[in-house]
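Chain by chain, the residues run as shown.
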Amino acid sequence: MSEKMSFTFQDIIWCNLKRKPLRSFCLIFLVAALAFVLFGSSLITRSLIKGTDGLAKRLGADLLIVPRGYAQTAEGILLRGSPSAFYMEPEWLEKISGVEGVTAVSPHLFIASLNSDCCSVPIQLIGFDQDTDFIVAPWIKTSVPGILKDNEIVVGGAVAGRVGDTLQFFGRGYSIAAKMEYTGSGFDASVFMNMDAARIAARDCASKMGADAPPEKSISSIMALIDDSSTPIGVAGRINSAFGYVKSGIAVVPAQNIISSVSVSLRMLTGSFGALSAVLWIASFSILALLFSAMLNERRQEFGILRSVGISRKKLIAMVLWESGLISCIGSVVGIFLSALLLMPFRIYIREIFNMPYMMPGFGQLCAIACISVLLSVAAALLASLLSSVKIGNADAYRVIREGGL
Amino acid sequence: MKHRIISGAGAVVAGLLLSLGPQFLFKLCEPMADGRWMNCHWTGQAEIGVGLLIVLLGGASIFFSDNKVRLGLSIAIFLSGILALLFPTVLIGGCGMETMPCRSTAFPALTVISVLTIAVFAANTVYLYRARNS
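The shown structure was predicted, so the numbers you read here are calculated from the model rather than taken from an experiment. By convention here, each chain's residues receive numbers from 1 onward along its written sequence. In the order they appear in the text, chains get letters beginning with A and ligands get numbers beginning with 1. The predicted nature of this model means local features are confined to residues of pLDDT at least 70 and side-chain atom pairs, given and counted, to a pLDDT of 80 or more, with totals for whole chains, interfaces and linings taken over all residues. Each side-chain value is worked out from all heavy atoms of the structure, with water and hydrogens disregarded.

**Student:** Quick one: what's the story with helix α9 (residues 300–308) of chain A, residue by residue and with numbers?
**Tutor:** Residue and element names in this part refer to chain A. Within the span of α9, buried status applies to Phe-303, Gly-304 and Leu-306. Summarising the axial view, the buried residues of α9 lie within an arc of 160 degrees, below the 170-degree limit, and thus occupy one face. Looking one or two residues past α9, Gly-310 carries a phi angle of roughly 110 degrees, positive in sign. Residue burial is assigned from relative accessible area. The probe radius is 1.4 Å, only protein chains are included, and a residue is buried under 20% of its type maximum, exposed over 50%, and partly exposed in between. Secondary structure elements are taken from DSSP: a helix is a run of H or I of four residues or more, a strand is a run of E of two residues or more, and numbering for both begins at the N terminus. Think of it as the arc spanned by the lines of direction from the helix axis to the C-beta atoms.

**Student:** How would you explain a nonpolar patch on the surface if you had to name every residue and give the values?
**Tutor:** A contiguous nonpolar patch, built from Trp14(A), Phe36(A), Ile330(A), Val334(A), Phe337(A), Leu338(A), Leu342(A) and Leu116(B) and spanning about 610 Å² of accessible area, is present on the exposed surface. In terms of residue count, the dominant contributor to the nonpolar patch is helix α10 (residues 313–343) of chain A (five residues). The residue Phe36(A) is located in helix α3 (residues 21–59) in this model. Here the term patch refers to residues with relative accessible area over 30% and no salt bridge, with like charges joined within 9 Å and nonpolar side chains (Val, Leu, Ile, Met, Phe, Trp, Tyr) within 5 Å. Working definition of accessibility: Shrake-Rupley area with a 1.4 Å probe, residue cover restricted to the visible protein chains. Within this document, salt bridges are pairs made up of a side-chain nitrogen of Lys or Arg and a carboxyl oxygen of Asp or Glu, the two lying within 4 Å of each other.

**Student:** Report on the sheet that holds strand β3 (residues 124–128) of chain A, specifying residues and quantitative values.
**Tutor:** Two modes of strand pairing occur in sheets, parallel and antiparallel, and in both the strands are linked by backbone hydrogen bonds. All names here are of chain A. What the nine strands build is an open sheet, ordered β5-β6-β4-β7-β3-β2-β8-β1-β9; its pairing is mixed. With partners counted over all chains shown, the strands left at the sheet margins are β5 (166–169) and β9 (250–254), one partner each. Strand after strand, the sheet turns through a mean of 35 degrees between neighbouring axes, direction not considered. As paired strands, strand β4 (residues 152–155) and strand β6 (residues 172–179) are joined by four bridges and run parallel to one another. Looking at β6, one finds that Glu-152 is bridged to Ser-175. Against the sheet, helix α4 (residues 71–80) makes contact with β1 (63–67), β2 (102–112), β3, β8 (221–226) and β9, and its axis sits at roughly 125 degrees relative to β1, the strand it touches most. Residue contacts follow a heavy-atom distance rule, with two residues in contact if any of their heavy atoms lie within 4.5 Å. Think of each axis as a best-fit line through the C-alpha atoms, taken over the contacting stretch in the case of a helix, with angles from 0 to 180 degrees between the N-to-C directions. Sheet strands in contact with helix α6 (residues 195–209) are β2, β3, β6 and β7 (190–194), and its direction is about 30 degrees off that of β2. Two strands are said to pair when DSSP picks up at least two bridges between them.

**Student:** Quick one: what's the story with the interface of chain B and chain A, residue by residue and with numbers?
**Tutor:** Residue-level contacts link 18 residues of chain B with 23 residues of chain A. Between chain B and chain A the total buried area reaches about 1,700 Å² when both faces are included, carbon and sulfur atoms providing 73% of it. Where chain B packs against chain A, one counts zero salt bridges. Contacts described as polar in this section are N or O atom pairs within 3.5 Å, which, within protein, must combine one atom able to donate a hydrogen with one able to accept it, while residues neighboring in sequence count only if both atoms come from side chains. Counting every contact that joins chain B to chain A gives zero residue pairs in polar contact (both at pLDDT 80 or more). When grouped by side-chain class, the residues that make up the side of chain B that touches chain A number 11 nonpolar, five polar and two charged. Once two parts are put together, the accessible area they lose, assessed with a 1.4 Å probe and summed over both, is termed the buried area. Amino acid classes used here: Ala, Val, Leu, Ile, Met, Phe, Trp, Tyr, Cys and Pro are nonpolar; Asp, Glu, Lys and Arg are charged; the rest, including Gly, are polar.

**Student:** Break down the packing of aromatic side chains for me, citing the residues and quoting the values.
**Tutor:** Residue and element names in this part refer to chain A. Centres within 6.5 Å are what make two rings of Phe, Tyr or Trp a pair, Trp counting through its six-membered ring; a difference in plane orientation under 30 degrees is then read as stacked, over 60 as edge-to-face, and the rest as tilted. Evaluated as defined, the whole model comprises nine aromatic pairs over all chains. On the basis of an interplanar angle of 50 degrees and a centroid distance of 6.0 Å, the ring pair of Phe-169 and Tyr-174 is categorised as tilted. According to the relative accessible area criterion, Phe-169 is buried, its value standing at 0%. Given a relative accessible area of 2%, Tyr-174 falls into the buried group. An aromatic cluster of three or more residues is present, and its members are Tyr-70, Phe-86 and Phe-110. Remark: a charge is flagged as sitting over a ring if the NZ atom of Lys or the CZ atom of Arg is within 6 Å of the ring centre and within 35 degrees of the ring normal. Sitting over the face of the ring of Trp-92, Lys-95 holds its NZ or CZ atom 4.3 Å from the ring centroid.

**Student:** How would you sum up the packing of α10(A) against helix α12 (residues 363–394) of chain A? Please name residues and give values.
**Tutor:** Residue and element names in this part refer to chain A. Where α10 contacts α12, the axes come no closer than 8 Å and their chain directions differ by 155 degrees. Taken together, the axes of α10 and α12 are roughly antiparallel relative to one another. For α10 against α12, the interelement crossing comes out right-handed. The residue inventory of the contact of α10 with α12, partitioned by class, reads 14 nonpolar, 10 polar and one charged. For classification purposes, angles smaller than 35 degrees are called roughly parallel, those larger than 145 roughly antiparallel, those between 65 and 115 roughly perpendicular, and all remaining angles oblique. By the definition used in this description, the sense in which the near helix is turned from the far one sets the handedness, with an anticlockwise turn below a right angle giving left-handed and a clockwise turn giving right-handed.

**Student:** Can you explain the side chain of Ser284(A)? Please cite residues and give values.
**Tutor:** Along the chain, Ser284(A) falls in helix α8 (residues 255–298). Of the polar contacts made by the side chain of Ser284(A), one reaches the backbone oxygen of Leu280(A); its length is 2.7 Å.

Function-wise, these values are silent; they only describe arrangement.
Below, the structure written as structure tokens:
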């Protein structure tokens, strides 16, 4: 008798779930699938947004000037770190700095490595001028002791190695002097060195590949800053009219064009993921409502007996809601765990699939996304079971037992 | 009986994926131009060993019906899962660049399989321990 007295409300709920394991498994699976998609799509969207924001901040220049025909290649270096090499004459540095509205210019020299001792894939080597640089220095995580020597490099956030380690390029050893912050852009997989070292590396590269050495003092691109009274498109127009659009042999790319091309893709992806989540939520809600209705209908006699032994309507509704709440909590935790387990280790692969800057949110944001996904999944299950549970609560106990219907 | 077959077969599948996956499914990096192997190759070799150990332990847990033996095998699979996770992440590691095939696909796949093995066999161990006590 005393054992029967200790049989609590929670025990009934737990026993109901254990009594029909297949039914409970199906309900948990459905909520888990919903939570998996909600968390996964939110995490991917957030990572793409953060990556694009990181790129916007990372670019740090208003205009990018490259040899004509290489604008897409330069975008590939900035967005994906796709290794490339191209050259333009160094005189353009002076010419561009003389254009009205341009306040600062800094050259870069791109070299695609064959491989390094860490990897069998080419890496983008970038030479930068430390005297005029406004791109690389703000993103260096650890301070560089003075000026970079010819055998010193700064590595992107995704390149392995710690400060003091040595990496080999074209048979020469370079010591890592500093590491950059992770930005989600192509520069994460790049290695930076001073201009003199980059020119030596370019010659080494040419001799290894059996190609002609690049022209002396040549550069690959110019990053330009403009004053507050000018617009990037306006200054780009001035450069084109001053030197000739086609005749000059250069292409002027406003940085906002690179960002906006990414932003368009981002908007499309965000919209698709949002629509997918909404459709899945509605579909899950409908299926759960049907399942709960069928499940509760099947248990009509059990509820009739519970009512007849004195359990109140309110208590009966609470019991059904607790059952669906427990199912949805277990399901959403499982779904989010599996989604995180899949998406977090595969972040580099996902970035390669989308071909866009991709940066995982921090721990706080991850927790927030997980909480919102749990709330939405639990809400779907609770709302789906609410209608049927109210129906049960309102039914007359005698009629339910006698007729066997709600 | 059903539980025994499901958990044992699960371990066999996980072990096969851990040992054969890096060789055939999610490929590791090719050797360098000078013929030297990179770190990820040795991680793959270590995974062959630990994966086959999990296959044997999983197979044994199908055939042994004694609860205490199965509990011991479940703990062994759980610990082997931790070892399988530590090879690519801590003990040996992989290539330097995140974009290398080992870091972008093979290691994430090994991480997912290892974590699932650890989680499932931690739960299985608790289940068998409770069943033994009850």
